[in-house]
Structures are given as C-alpha cells and as structure tokens.
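# Report on the structure
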Amino acid sequence: MKSSLHRLFARRAEFGALSTKSFRAYSHRQTLQTPLSGAQSISFVKPLFSAVFIAGFVSAVWTHSHSTVHAEAPPAKTIRLAEVRKHGANATRRWVVKSTKVYDITDWIPNHPGGEVILRAVGGVIDPYWEIFTIHNKKDVYDILEQYYVGDLDPRDLVDGRVPSDDIEDPFKNDPARHPDLIVHSDRPFNAETAPEDLKSYITPNSNFYIRHHLWVPFLSQDDYKIQIELPDGEEVEYSIKDLKSKFRSTKVTCTLQCSGNRRQHMNDEARSTSGLPWEIGAISNAVWTGVRLRDVLADAGFDIDTFDEDQTKHVQFQGAEAYGASIPIDKALGKREDVLLVYEMNGEPLPRDHGYPLRALVPGHVAARSVKWLKRITLSDEESQSQWQQRDYKCFGPNQGGQDVDWSSAPAIQEMPVQSAITSLRNASPRSAEDQKLLRVYGMEEDAVEVEGYAFAGGGRRIVRVDISPDDGRTWHQAELLPDEAHGSKSWAWTRWRWLVPKRLAGRQFVVKAVDEGYNVQPESYEPHYNFRGNLTSGWHRVPYTKGRRDSKE
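Predicted model only: the values in this text are computed from it and were never measured. (Residues numbered from 1 in each chain as written. Predicted model: local features only at pLDDT ≥ 70, side-chain atom pairs only at ≥ 80, totals over all residues. Heavy atoms only, no water.)

Helix and strand content of the protein: twelve helices and 27 strands. Counting all 555 residues of the protein, 57% fall into the buried class. The contacts in the protein between residues at least 6 apart in sequence include a share of 74% that link residues at least 24 apart. As displayed, the protein offers around 23,200 Å² of accessible surface, 48% of which is attributable to carbon and sulfur atoms. (Helix = DSSP H or I, 4+ residues; strand = E, 2+ residues; numbered from the N terminus. Buried < 20%, exposed > 50% of the residue type's maximum accessible area, 1.4 Å probe, protein only. Contact = heavy atoms within 4.5 Å. Areas by Shrake-Rupley, 256 points an atom, 1.4 Å probe, with all protein chains shown as cover.)

Across all of its chains, the model carries 31 salt bridges by this definition. The residue Glu 146 makes a salt bridge to Lys 101 at a minimum N-O spacing of 3.7 Å. Taken together, the positions of Glu 146 in the loop between α6 (139-145) and β5 (149-153) and Lys 101 in strand β3 (residues 101-104) put the pair 45 residues apart, joining distant regions of the chain. Judged by its relative accessible area of 31%, Lys 101 is partly exposed. Residue Glu 230 pairs with Arg 377 through a salt bridge whose shortest N-O separation is 2.8 Å. With Glu 230 in strand β9 (residues 227-230) and Arg 377 in strand β18 (residues 375-381), this residue pair connects regions lying 147 residues apart in the sequence. Summarising the burial analysis for this pair, Glu 230 and Arg 377 share the class buried. (Salt bridge = Lys/Arg side-chain N within 4 Å of Asp/Glu carboxyl O.)

Across the sheet, which stays open at both edges, the five strands sit in the order β10-β9-β18-β13-β14 with mixed pairing between neighbours. Because the sheet does not close on itself, it has two edges, and the strands there are β10 (236-239) and β14 (325-329). The sheet shows a mean angle of 20 degrees between the axes of neighbouring strands, direction not considered. Inspection of the sheet shows β9 paired to β10 by four bridges, in the antiparallel sense. Bridge pairing in β10 places Ile 229 opposite Val 237. Across the sheet, helix α9 (residues 294-301) lies against β9, β10, β13 (315-320) and β18, angled at about 125 degrees from β10, the strand it touches most. (Pairing = 2+ DSSP bridges. Axes fitted to C-alpha atoms, helices over the stretch in contact; angles between N-to-C directions.)

This brings us to helix α12 (residues 434-442). Buried within α12 we find Asp 436, Leu 439 and Leu 440. When α12 is viewed along its axis, its buried side chains cluster within an angular range of 100 degrees and face the same direction. Exposed and facing more than 90 degrees away from the buried side of α12 are Ala 434, Lys 438, Arg 441 and Val 442. The secondary structure elements touched by the buried residues of α12 are β19 (420-429), β20 (449-457) and β24 (496-503). (Arc of directions from axis to C-beta.)

The next point concerns the packing of aromatic side chains. Using the criterion set out here, one finds 16 aromatic pairs in the structure. Plain terms: the ring middles of Tyr 129 and Trp 216 are 5.6 Å apart, the flat faces sit at 85 degrees to each other, and that makes the pair edge-to-face. Of this pair, Tyr 129 sits in helix α5 (residues 127-132) while Trp 216 sits in the loop between β8 (211-212) and β9; the two residues are 87 residues apart in sequence, bridging distant segments of the chain. Assessed through its relative accessible area of 1%, Trp 216 is described here as buried. Judged by centre distance (5.7 Å) and plane angle (85 degrees), the rings of Phe 209 and Trp 289 are edge-to-face. Of this pair, Phe 209 sits in the loop between β7 (190-193) and β8 while Trp 289 sits in strand β12 (residues 284-293); the two residues are 80 residues apart in sequence, bridging distant segments of the chain. Members of the aromatic cluster, connected to one another through ring pairs, are Phe 209, Tyr 210, Trp 279 and Trp 289. The lysine or arginine in question, Arg 272, covers the ring of Tyr 531, its NZ or CZ lying 3.9 Å from the ring centre. (Phe/Tyr/Trp six-rings, centres within 6.5 Å; stacked < 30°, edge-to-face > 60°. Lys NZ or Arg CZ within 6 Å of the ring centre and 35° of its normal.)

It is worth spelling out the environment of Gln 523 at this point. In this fold, Gln 523 is placed in the loop between β25 (510-517) and β26 (542-545). Taking the relative accessible area as the measure of exposure, Gln 523 reaches 3% and is therefore buried. Excluding residues that lie within four positions of it along the chain, Gln 523 makes contacts with Arg 263, Val 419, Gln 420, Ser 421, Val 513, Lys 514, Ala 515, Ser 539, Gly 540 and Trp 541.

Turning next to α9. Given 3.6 residues to a turn, an α-helix orients residues that are three or four positions apart in the same direction. Listed in full, the buried residues belonging to α9 are Leu 294, Arg 295, Val 297, Leu 298 and Ala 301. Seen along its axis, α9 keeps its buried residues to an arc of 160 degrees; they face one direction. Directly beyond the C-terminal end of α9, a positive phi value near 110 degrees is found at Gly 302.

Another point: unusual backbone geometry. Note: most peptide bonds trans; most residues except glycine with negative phi. Here the residue pair Arg 188 and Pro 189 is connected by a cis peptide bond, since its omega of 0 degrees sits within 30 degrees of zero. In this model, Tyr 357 is joined to Pro 358 through a cis peptide bond whose omega is 5 degrees. Structurally, Pro 358 is set in the loop between β16 (349-350) and β17 (360-362). Of note, Arg 263 is a non-glycine position whose phi angle comes to about 70 degrees, a positive value. Mapped onto the fold, Arg 263 is located in the loop between β11 (251-258) and α8 (264-270). At Trp 374, a residue that is not glycine, the phi angle is positive and equals roughly 50 degrees. Structurally, the position occupied by Trp 374 is in the loop between β17 and β18.

In this section: the sheet that holds β8. Taken in spatial order, the three strands make up an open sheet running β6-β7-β8, and their pairing is antiparallel. The open sheet has two edge strands with one neighbour each: β6 (183-187) and β8. Relative to β8, β7 is paired through two bridges, and the arrangement is antiparallel. Note that in β8 the partner of Asn 191 across the bridge is Arg 212.

Pasting the structure below:
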C-alpha cells in the first residue's frame, strides 16, 4: 500500500495533472485560453506547460518561503559546462542551464506536475524545451526560476556569448526515419498523413500509417520495460511485456485510428480558418492490432471488474513515456465487447517506434488521441486525466465561439467519432483496356466509365450500412458497393472500403460522397453548421473535382 502523500505525488506524474483542486482552480483562473495557432506546428502544447510550470512554480515558491534550504542565495560564481553535466538525472543535485545561467532545480522537481519529463533537461541546457513550450517565456516564470540560480557558465564554454549548438541536446534526435511517401505537416514534432494512394488498401502498411505526435518519440527498450497500474486504493502493480504475453490470452482486433482533425483542411476551405494541422483525408489508417484485453489485466492486478465502487472509479487514465496523457470512461475500458487492448504488435510485427513501441493502448471506436502510445502508467481514478490534451484540446464548441471566450470545462472530451467518408481516387476506365474490361464486365458496362473508390467509417463500433455517391455535386445519387473484409473484433471497429463505377457520360464536374451508419447517422452537407475553431470532427460531404480528359484523378 502507498501513503496518501505517495499517491499524491504519483498522480502528479501525469503530464499537466495538477494534483490538488486548488492547483486545478489556479490553472483555470489563468489566462490560458489563447487560440491555438495553426501557423505553429507545436502550438497545441503551449497551454499545457503554462499550467504545468506555473502550478509547479507556485508550489515551489510556497516551499521556498517556508523552508531554509535557500535562506541565503549562494555567491555568484562561474561553472564549467562539464560540471553541469555531472548534475543530471542520476545525481543528488539536479542542475539546468537557461541561456548562460545555471540553476539548481532539485528542490522544485518534486513539485513538478509533469513528473519525469523535466528530468530530460537536467544536466544540460533547457532552452530547446522552452522553445517547444514557448509559454514559459513570461516574466513571472523567469522571476521564479531566478530563485534557483547558482551561477553563470564559464565564458570558456561559450561561443559568441552562447552555448554552442553541439553542446545542446536536441529533444528529437532519436526520432526514427520515416517513409518518404508520407505527407508531412510538421517535422518537430513529426506529423504526417497517409498518401491517397496508400489509403486504397484495406490494411495500411505500417510504414505508411499516418503519424500524429505531440512531442518527441521516446527511445525505449522492451527488455527493461514495465507498465505500472495504480488501483483506486493506491496500490501499484507492474507488468513486463513478457508478463503480458505469458499470463494473458492474446487478442487480435482490426481497428481504424483517426485523428480528430482528419479533413480539417476541408473546413478551412469550405467554412472558415481553424487552428491546427491542415490534415486532408489521410489522418486515418487501418491495421490489425495484437495485444491483451485491458479488463483481463486489471482483474489480474486486483481490481474487481464486476463489483467495483462506481463512485470511486469512473475513468481509466493513460500516461505515455513522453508525457502525453488521456483517459476513457471505465465502462469503455471494462466492456466485454469493447475490445480495449494493451497492444504490442501491429500488422503482425512489433509496434514501430512511431506507433508506440513497446506498448500502447488501443481504444477502438474512439478518437485516436485516447489510444496512448509508449504506455507507461494506467491509473484507475474518480476523475478524467487532467492533462492538457484531455481538458483543453480535443473538444468542440459552437460555430460562434472562439478560443478567447470558451469555457473548456463546459465541453466534454471527444471520445467516439462521427460518421465519416472520403474519396481516395477517381479513375477513368476504358473498354479499350484489357484490365478495365474485366472491371467493366463486373458492373455490366461496355462504355467509358469512372471508377470511384474510398473509405467510410463510424465511431463507437457502428457499422456502415450505405455509401451514397453523386457524380454531379449532389443532383443525383447512387449507392456504392461496400467491399468485403475479414475484420477481427466484437464490433465494426474498422473502416469500410467502397467502390462504384458510373458511365463517364453521366460524370459532372464534381463527385460527392456521404456515408450512413447503422444508427442512420449521416454526414452533413456543409461545414459551417458544425464549424468549430479547433477544426475537430470535420465530416461534411467530401467533394472532389473531376476532369473528363484525365486518366487517373486523385483527391
């Protein structure tokens, strides 16, 4: 068992999780409701460190004013960079360099709600991290940091008054190489969508699966990896990958993961500008995932999955090794047919590093933001994850609401996804082509035609029952053929591939697609009614221009 104090600090380890109600109230009162700018690829993480650093420093100031550890400021001195490196994560005293000044932040680290993420910077220069989380660049934050000042870097270690770039750690230096066919939207952190050509197959190859990162890719080893599970009473249980594979039955689930911002660019084009990465149709991919059921692991850890106290346990929080945090409702985590997994394989291979190696959560039917990668800790709690990404990012507001005036606490976090579809290719098919003749005969056609292909998907495991296609911008409609698949899983967790051929003489200037799920939810015609300033859950009719003279037309 753990003491209450120990459990309190354990909870602080979740990135952005302010460990007391007063901290949460404090962060809520701060002027953090700044619109997230799509012009900066890392803008979505700015509010996080404001809450993290300000709350941590507030606690540190209280500690400072009620202790004698820093009763007298140490005399100014010069310090060699080699000496700073001795004060890294494994040292008794932990130092960092900001600009050319040295700070001993040892006594502040226990108050850091971001937990171990701060240890990446100790023993070195913290500036690259502050460049990522630019909200740190505020006078009050600098003023508080000065209380931990211990000296200046020796001029012999500086070039033109600065620390040489070769002596500054790059947080992204261990990121893996990526496939050149991915369509890149940001390099640091890396975000890229699957190319339309690679969306045509039912299973997306691992190398071409879209990538969505908020921070860097951790460099982890399966050999010494442990997943920690914290039960409601504070008890902790650990499992290695070997434990998971030997103690629990493996399960395969075919599951589509989709970013909440998929097709955001279409909302930008058809309604108004939004804040976020300009995804087209490729922030979605499909794979066969192998792992063990979360409900089985929780039961083995000592949690009563059938008769637990529902007032004490309402959410399952996930924390990644790089600091990302999210949560799902306990009912989703424990449902016998919900197929929530702890995953270690993707398409029959060990998880690639970009997709969570050595272990990730898989939450089918929900926004991909809940399927936390590089899974490090699972906490059973009476509250949601308090991370930035759960509380102040993946949410939607009304068309009239902007980033400055929204109450983030008034909107629920996105979980299940709405019905969605997109055209991945348009191709002219000719009876003069031997290959096309076979296709035309399947559809009973002998004239020039247009082949249209795409995907359709609905959250919550809802099956796609119909895909409507129009060759003339919605004036006439036809039903596409829903292609068969061999999906694994208790519900319809994977997308549906579809195809349709139309005589070329009927093709207008624009093709349109919309899908319908088994609840008869259908995509809206336009984008303005469901416009939101973050551009989440874009699902209007997908329109693709068509030129009759071309051989192959893609989105």
